[in-house]
Amino acid sequence: MNKLSKILIIEDEPQIRKVIRSNFTDQGVKVLESYLGEEGIRIHASDPVELIILDIGLPDISGIEVARRIREWSAVPIIILSASGQERDKIDALDAGADDYLTKPFSMAELQARIRAVTRRLGSSGIEQTFYKFGNIEVDVQSYKVIKAGVEVHLTPKEFAFLLILLKNINKIVTQKFIINSLWGANHEKDTHYLRIIMKNLRSKLEEDPTRPKFLITELGVGYRFVE
Ligand code: CA
């Protein structure tokens, strides 16, 4: 959260803009605003920001379209705001390149937590990470080794690949579609039951209590998230 100096809010509800604006202004962050998608894209193009908070339901074009168009040329972190019941939209927004989402109503504490997760991930990027440690588990990407409490755990290639996708996107939701495309290629989008099976195996191999996972979290109907 520390180094943000300028953000953009694209949101047509003045009340939400106001709450976010005052919260960030208090922290010395410059806040640009738009209630329209097209204008929001133009603002970021002419005066690039470090983070965009983007509503899905906008008066002109949808937030999904905004995310997709910004992603064509910008890697700026995007956090989506959605009304409840817009499950499909959330998935589309993530697939369009948004980094995370929050469902309204949300607290500023929740928003700050998501922003910290997104910016931390970006801060550590640049160098491909080849070693991960969480709890008593170590993952060495180059030698394909997973060690739990000092003992090697055997993962199948698909299990390893699935785990690696989540680790590379630590704290971020990864959609079912993205994982399926990565593991099997396109045209397998209906095969979400394979993901459930692999996830079940990963949990039983890695989690202390597979029925109450600490790291390998299911985001119901959307995808999965590795929580640090
Ligand atoms: Ca709206």
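The structure presented is a predicted model; accordingly, all values stated were derived computationally and were not measured.

A. The arrangement of helix H4 (residues 87-95) in detail. Along H4, the residues classified as buried are Lys 90, Ile 91, Ala 93 and Leu 94. Buried residues of H4, viewed axially, fall in a sector of 160°; they line one side. Structurally, H4 contributes buried residues whose contacts are with helix H3 (63-71), strand E4 (78-82), strand E5 (100-103) and strand E10 (173-175).

B. Up close: the coordination of the calcium ion. Donor atoms from the polypeptide that coordinate the calcium ion comprise Asp 12 (OD), Asp 55 (OD) and Gly 57 (O), at 2.2 to 2.3 Å from the metal. Of the residues examined, Asp 55 reaches a relative accessible area of 3% and is grouped as buried. Under the relative-accessibility criterion, Gly 57 is labelled partly exposed at 39%.

C. Quick peek at the sheet that holds E10. The sheet built from 3 strands is open, its strands ordered E10-E12-E11 with antiparallel pairing. Here the strands that pair on one side only, and so sit at the sheet edges, are E10 and strand E11 (216-219). In this sheet, adjacent strand axes meet at a mean angle of 30° when their direction is disregarded. In terms of strand pairing, E11 meets strand E12 (residues 223-226) through 4 bridges, oriented antiparallel. The residue of E12 that forms the bridge with Thr 218 is Tyr 224. Across the sheet, helix H6 (residues 157-168) lies against E10, E11 and E12, angled at about 65° from E12, the strand it touches most. On top of the sheet, helix H8 (residues 192-206) reaches E11 and E12; it is set at about 150° to E11, its chief contact.

Conventions we followed
Residues numbered from 1 in each chain as written. Predicted model: local features only at pLDDT ≥ 70, side-chain atom pairs only at ≥ 80, totals over all residues. Heavy atoms only, no water. Buried < 20%, exposed > 50% of the residue type's maximum accessible area, 1.4 Å probe, protein only. Helix = DSSP H or I, 4+ residues; strand = E, 2+ residues; numbered from the N terminus. Arc of directions from axis to C-beta. Contact = heavy atoms within 4.5 Å. Donors = N, O, S within 2.8 Å, 3.2 Å for Na, K, Ca; no water. Pairing = 2+ DSSP bridges. Axes fitted to C-alpha atoms, helices over the stretch in contact; angles between N-to-C directions.

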